[in-house]
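Structural overview for review
This is what each chain is made of:
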Amino acid sequence: MMSALASRRLVTAWMCLAPLWAMAAPLRAQSVRAEKRELDSAEALLRTRFEALPEGSEVVMLREPQHLTVRIPARALFDADSAQVNTGAVKLLPWSAVTELLRKRHRIVAQINVYTDSIGGQSANQSFSEQRALSLVAALHAAAIRPQRVTASGLGPSAELAINDSPEGRAQNRRVEVVFGLPEALVAR
């Protein structure tokens, strides 16, 4: 049980902190609005750039309140069975738009997630996806994007989008997802 003195101190502390908490509410709301504006600008930039993609490119953009995800088929960035980014791919859409966004929107950070199909075994696919992730990070660093703004994960065959029973299903699962957001939002994710 709390003593009377401890109880009074707690009430006093709350009375001192309550006005501060109330004053912080508008700042939190302002921060949320600024975050939304930043992501709105990022989304607009990508939408404009992606309009130039050929029909059927299979690049998908997904917007959530605190982040923006771009899903790119692995074949748009890598040759078959290669962990090295195709040198021509870094200069073309959609990857050039990823680079442009990070150059123009300095508050935005990116988390790169690379996925494989399930052919070849869990361990091999995990390692392969990690190599591809590192290759993409290196491509961004070569484009003068600061290392602190980009993280990457090779996630192997986890999080399948389609069943791996057909070539089409496996192709859907071989993908890169770039998740853009403000640093606080991606850490909380």
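A brief look at the structure comes next. All values derive from a computational prediction rather than experimental measurement.

Once that is clear, we can look at the overall build of the protein. A tally of regular secondary structure across the protein gives 5 helices and 5 strands. The helix and strand sequence of the protein, counted from the amino end, reads α-β-β-α-β-α-β-α-β-α. Scored against the burial criterion, the 189 residues of the protein give a buried share of 40%. A separation threshold of at least 6 residues defines the contact pool for the protein, and within that pool the share at least 24 residues apart is 71%. For the protein, the accessible area works out to roughly 11,000 Å², and carbon and sulfur atoms hold 59% of it.

Attention shifts here to the layout of surface pockets. Approximately 350 Å³ is the volume found for the largest pocket. Asp81, Asp117, Phe128, Arg132 and Arg174 are, among the 18 residues lining the largest pocket, the residues nearest its centre. Elements supplying a minimum of two residues to the lining of the largest pocket: α3 (122–142) and α4 (167–173). With 4 residues, α3 is the single largest residue contributor to the lining of the largest pocket. Of the residues belonging to the lining of the largest pocket, the class tally is 8 nonpolar, 3 polar and 7 charged.

Moving on: the pairing of strand β5 (residues 175–181). Regular strands place side chains that alternate from one sheet face to the opposite one. Counting buried positions over the 7 residues of β5 gives 7, a clear majority of the element. The alternating pattern of β5 places Arg175, Glu177, Val179 and Gly181 on one face and Val176, Val178 and Phe180 on the opposite face, and all of these are buried. Bridge count for strand β2 (residues 67–73) against β5 is 7 bridges, and the pairing is antiparallel. Looking at the pairing, Pro73 lines up with Arg175 of β5. Relative to β5, strand β3 (residues 109–115) is paired through 7 bridges, and the arrangement is antiparallel. Each residue of the ladder has a partner; that of Ala110, found in β5, is Phe180.

Below, the discussion takes up α3. Helix length check: α3, at 21 residues, gives a terminal C-alpha distance of 30 Å against a target of 30 Å (1.5 Å per residue), a fit within 8%. Along α3, the residues classified as buried are Asn125, Ser129, Arg132, Ala133, Ser135, Leu136, Val137, Ala139 and Leu140. Where α3 is buried, its residues contact α2 (95–104), β3, β4 (150–154) and β5.

Before going further, it helps to examine the side chain of Arg71. Along the polypeptide, Arg71 turns up in strand β2. There is a polar contact of 2.9 Å between the side chain of Arg71 and the side chain of Glu177. Beyond its immediate chain neighbours, meaning those up to four positions away, Arg71 contacts Glu58, Val59, Val60, Leu62, Leu161, Arg175, Val176 and Glu177.

Their axes nearest at 10 Å, the elements α2 and α3 cross at an angle of 55 degrees. Taken together, the axes of α2 and α3 lie oblique to each other. For the crossing formed where α2 meets α3, the hand is right-handed. Of the residues in α3, those in contact with Trp95, Val98, Thr99 and Leu102 of α2 are Leu136, Ala139 and Leu140. Here the contact of α2 with α3 is built from residues that sort into 6 nonpolar, 1 polar and no charged.

Reading guide: rules and limits
- Residues numbered from 1 in each chain as written.
- Predicted model: local features only at pLDDT ≥ 70, side-chain atom pairs only at ≥ 80, totals over all residues.
- Heavy atoms only, no water.
- Helix = DSSP H or I, 4+ residues; strand = E, 2+ residues; numbered from the N terminus.
- Buried < 20%, exposed > 50% of the residue type's maximum accessible area, 1.4 Å probe, protein only.
- Contact = heavy atoms within 4.5 Å.
- Areas by Shrake-Rupley, 256 points an atom, 1.4 Å probe, with all protein chains shown as cover.
- 1 Å grid on protein atoms, 1.4 Å probe; cavity = no way out; pocket = protein on both sides within 12 Å on 5 of 7 lines; lining within 4 Å.
- Points joined across faces, edges and corners; volume = space filled by probe spheres on them.
- Nonpolar A, V, L, I, M, F, W, Y, C, P; charged D, E, K, R; others polar.
- Pairing = 2+ DSSP bridges.
- Expected span 1.5 Å × (residues − 1).
- Polar contact = N/O pair within 3.5 Å; in protein donor to acceptor, adjacent residues only side chain to side chain.
- Axes fitted to C-alpha atoms, helices over the stretch in contact; angles between N-to-C directions.
- Parallel < 35°, antiparallel > 145°, perpendicular 65-115°, else oblique.
- Left-handed = near helix turned anticlockwise from the far one by under 90°.

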